[in-house]
Amino acid sequence: MLSLDDQQIKALLQNPATQRKGFEVLVRQYSEQLYWQVRRIVITHEDANDTVQNALLKAWTSIGTFKGDSKLITWLSRIAINEALDFTRRQKKHPTVSTDDADVGLASRLMADEYFDGDETEAQLQEAIASLPDVQRTVFQLRYYDEMKYSDISRILGTSEGGLKASYHHAVKKIADFFHRHD
């Protein structure tokens, strides 16, 4: 099936008779992008799948509150990223990693992950990113990987563009420092 543009999907979503079909199109077109946004925050494939499913469920239940004044991906990203950040906060409060796994760095765990297709440098980059505070990590990932404009990130995270630029700058500096310490 052909992909539809935002206006066509919005029209389907606004009509109760075609709302389910519109949501199916929305999921088909945007779920992979959401998966990668979330995966970079929660790290593992399984957690990313669960988080995206929860985000899509929230999107479906709140479809009536979508005003249509932003792009669909911006609205979905906001839901998915907030869900991913909530997940990471819960993980920090109630860690499920065993003490044996605690000594194994993120880079080692990523290299062992069957869904990870990067090299050692990419794994170290992911470890550096994971060491950032939540906001800096999210801003860095959206800007670096998704090449999002600061204005879109501002809408997703509900913060000023100036603050986002500062967060990105600090994140880049911390990542560079991480690599200098691990040379």
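Residues numbered from 1 in each chain as written. Predicted model: local features only at pLDDT ≥ 70, side-chain atom pairs only at ≥ 80, totals over all residues. Heavy atoms only, no water.

### Topic: helix 1 (residues 6–14)
Right, so step 1: Turning to helix 1, its buried residues number three or more, namely Asp6, Ile9, Lys10 and Leu13. Viewed along the axis of helix 1, the buried residues span an arc of 100°, placing them on a single side of the element.
Right, so step 2: By the N-cap criterion, in which a side-chain oxygen at the helix start approaches the backbone nitrogen of a residue two or three places on, helix 1 is capped by Asp5, the distance to Gln7 being 3.1 Å. (Buried < 20%, exposed > 50% of the residue type's maximum accessible area, 1.4 Å probe, protein only. Helix = DSSP H or I, 4+ residues; strand = E, 2+ residues; numbered from the N terminus. Arc of directions from axis to C-beta. Polar contact = N/O pair within 3.5 Å; in protein donor to acceptor, adjacent residues only side chain to side chain.)

### Examining the packing of helix 8 (residues 134–144) against helix 9 (residues 150–157)
Two packed helices can be described by the angle between their axes and the distance between those axes.
Right, so step 1: Across the interface, helix 8 lies against helix 9 with an axial gap of 10 Å and an inter-helix angle of 140°. In terms of axis orientation, helix 8 runs oblique to helix 9. Of the two possible hands of crossing, helix 8 and helix 9 adopt the one that is right-handed. For the pair helix 8 and helix 9, the contacting residues are Thr138, Val139, Leu142 and Arg143 in the first and Tyr150, Ile153 and Leu157 in the second.
Right, so step 2: Within the contact of helix 8 with helix 9, the residues separate by chemical class into five nonpolar, one polar and one charged. (Axes fitted to C-alpha atoms, helices over the stretch in contact; angles between N-to-C directions. Parallel < 35°, antiparallel > 145°, perpendicular 65-115°, else oblique. Left-handed = near helix turned anticlockwise from the far one by under 90°. Contact = heavy atoms within 4.5 Å. Nonpolar A, V, L, I, M, F, W, Y, C, P; charged D, E, K, R; others polar.)

### What to know about the packing of helix 8 against helix 10 (residues 161–181)
Right, so step 1: In the contact formed by helix 8 and helix 10, the axes pass within 8 Å of each other and the chain directions differ by 95°. Our classification of the angle between helix 8 and helix 10 gives roughly perpendicular. Residues Val135, Gln136, Val139, Phe140, Arg143 and Tyr144 of helix 8 form the contact with helix 10, whose participating residues are Leu164, Ser167, Tyr168, His170, Ala171, Val172, Lys174 and Ile175.
Right, so step 2: A class-by-class count of the residues in the contact of helix 8 with helix 10 yields nine nonpolar, three polar and two charged.

### What about the environment of Phe23?
Right, so step 1: Inspection of the secondary structure assignment puts Phe23 in helix 2 (residues 19–42).
Right, so step 2: When the C-alpha positions of Phe23 and Ile9 are compared, they lie 7.8 Å apart, and in sequence the two are 14 residues distant.
Right, so step 3: Apart from the residues lying within four places of it in its own chain, the contact partners of Phe23 are Leu13, Leu56, Ala59, Trp60 and Ile63.

### Remarks on the pattern of salt bridges
Right, so step 1: A full pass over the atoms with the stated rule returns seven salt bridges.
Right, so step 2: Notably, a salt bridge pairs Arg89 with Asp86, separated by 2.8 Å at the nearest N-O pair. Here Arg89 and its partner Asp86 are both found in helix 4 (residues 72–93), three residues apart, which amounts to about one turn of the helix.
Right, so step 3: Overall, the relative accessible area of 39% leaves Arg89 in the partly exposed class.
Right, so step 4: The network of salt bridges with common partners includes Lys71, Asp152 and Arg155. (Salt bridge = Lys/Arg side-chain N within 4 Å of Asp/Glu carboxyl O.)

### Points about the environment of Leu76
Right, so step 1: Tracing the backbone through its elements, the reader meets Leu76 in helix 4.
Right, so step 2: Sequence separation between Leu76 and Ser31 is 45 residues; the distance between their C-alpha atoms is 9.2 Å.
Right, so step 3: Look past the residues within four positions of Leu76 in its chain and what remains in contact with it is Leu26, Tyr30, Leu34, Leu56 and Ala59.

### Points about the confidence of the model for the protein chain
Right, so step 1: For the protein chain, the mean per-residue pLDDT works out to 85, and 85% of the residues sit at or above 70.
Right, so step 2: Averaged pLDDT values for the elements of the protein chain fall to 41 in helix 5 (residues 99–102) and rise to 95 in helix 3 (residues 45–61). (pLDDT = per-residue confidence, 0-100.)

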